[in-house]
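Inside the fold
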Amino acid sequence: MAEIKDPENTILIELKDGTVTIELLADVAPKHAERMKELARSGAYDNVCFHRVIDGFMAQTGDVEHGDMEDDFNLRRAGTGGSDLPDLPAEFSKLPHDRGTLGAARSQNPNSANSQFFINFSDNHFLNGQYTVYGRVVSGMEHVDAITRGEPPATPDRMISVKVAADA
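In this report, the structure presented in the accompanying data block is examined. This is a predicted model, so every value here is computed, not measured.

Conventions adopted
Residues numbered from 1 in each chain as written. Predicted model: local features only at pLDDT ≥ 70, side-chain atom pairs only at ≥ 80, totals over all residues. Heavy atoms only, no water. Helix = DSSP H or I, 4+ residues; strand = E, 2+ residues; numbered from the N terminus. Buried < 20%, exposed > 50% of the residue type's maximum accessible area, 1.4 Å probe, protein only. Contact = heavy atoms within 4.5 Å. Areas by Shrake-Rupley, 256 points an atom, 1.4 Å probe, with all protein chains shown as cover. Pairing = 2+ DSSP bridges. Polar contact = N/O pair within 3.5 Å; in protein donor to acceptor, adjacent residues only side chain to side chain. 1 Å grid on protein atoms, 1.4 Å probe; cavity = no way out; pocket = protein on both sides within 12 Å on 5 of 7 lines; lining within 4 Å. Points joined across faces, edges and corners; volume = space filled by probe spheres on them. Nonpolar A, V, L, I, M, F, W, Y, C, P; charged D, E, K, R; others polar. Axes fitted to C-alpha atoms, helices over the stretch in contact; angles between N-to-C directions.

The next thing to look at is the overall build of the protein chain. The secondary structure content of the protein chain amounts to three helices and ten strands. Each helix and strand of the protein chain, ordered N terminal to C terminal, gives the series β-β-α-β-β-β-α-β-β-β-α-β-β. Burial status across the protein chain gives 51% buried among its 168 residues. Considering only contacts within the protein chain whose residues lie at least 6 apart along the sequence, 70% involve residues at least 24 apart. Carbon and sulfur atoms make up 49% of the accessible area of the protein chain, which totals about 7,700 Å².

This is the structure in structure tokens:
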């Protein structure tokens, strides 16, 4: 496990194979970092599936509206919802979408990010300046690499629990 420098800005995601430690970049994207902590603390991310996992690209999750449902109807809708909180304004920066970075998923509207996020499997620099980067995996990337692929996967992996390290 990685050394945790700032427990208040560190997220621990428990996956089937182990813990993924994410350093939030609160200095770069404060609203996105704050939203992730708020949803983690409320338990909203617990049991939410990875609904879009593309080999060599990224793993997307965080649909707290549909992503914790077990039935096929809601699994097909996973990726279309968010939280009941307002959408976030884009917080674009010069940080590249490198392997292991956390990006805010959104619709065509740059100011529509809400609860969904993705973790890059590889350097995806074509996303630079178009999606907010607000975190990076500091340990456990091998667990991210093991997430079941698909759009959506037939049997999607889930975030078992998501916690702020300061609370763990």
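A few words on the environment of E3. Its location among the elements puts E3 in the segment before β1 (10–15). By relative accessible area, which is 68% here, E3 ends up exposed. Measuring from C-alpha to C-alpha, the distance between E3 and S139 comes to 9.0 Å, with 136 residues separating the pair along the chain.

As a further point, take the pairing of strand β5 (residues 58–61). Of the two faces of β5, the one holding M58 and Q60 and the one holding A59 and T61 are both buried throughout. Examined bridge by bridge, strand β4 (residues 52–54) and β5 share three bridges and lie antiparallel to one another. Bridge assignment links R52 to a residue of β5, and that residue is Q60. Here β4 folds back onto β5, and the loop between the two strands holds three residues, one of which, G56, carries a positive phi near 80°. The pairing of β5 with strand β7 (residues 117–120) spans four bridges and is antiparallel. Paired with Q60 across the two strands is F118, which belongs to β7.

What follows concerns the side chain of T101. Positionally, T101 belongs in strand β6 (residues 101–104). You can call T101 buried: its relative accessible area is 8%. In this structure the side chain of T101 is engaged in a polar contact, spanning 2.6 Å, whose partner is the backbone oxygen of D98. In terms of polar contacts, T101 uses its side chain to reach the side chain of N120, at 2.9 Å. What T101 contacts, discounting residues up to four positions off in sequence, is P96, F118, I119, N120, V133, G135 and R136.

Turning to the layout of surface pockets, a few remarks are in order. One number sums up the size of the largest pocket: a volume of about 300 Å³. Q60, A105, R106, S107 and Q116 are, among the 19 residues lining the largest pocket, the residues nearest its centre. Residues of the lining of the largest pocket, tallied by class, amount to seven nonpolar, nine polar and three charged. Quantified by volume, the second largest pocket comes out at close to 170 Å³. What lines the second largest pocket is a set of 14 residues, and nearest its centre among them are K5, D6, T10, E23 and V138. Among the residues forming the lining of the second largest pocket, the class breakdown is six nonpolar, three polar and five charged.

Further remarks concern the sheet that holds β1. Judged by pairing direction, the sheet is antiparallel, and its eight strands sit side by side in the order β4-β5-β7-β6-β8-β2-β1-β10 without closing on themselves. Looking at strand neighbours, the two that pair on one side only are β4 and β10 (161–164), the edges of this open sheet. Averaged over neighbouring strand pairs, the angle between their axes works out to 25° when direction is ignored. The sheet contact formed by β1 and strand β2 (residues 18–24) spans six bridges and is antiparallel. When the bridges of β2 are listed, I13 appears paired with V20. Against the sheet, helix α1 (residues 30–42) makes contact with β1, β2, β6, β7, β8 (133–139) and β10, and its axis sits at roughly 120° relative to β10, the strand it touches most.

Geometric descriptors of this kind do not, in isolation, establish any biological role.
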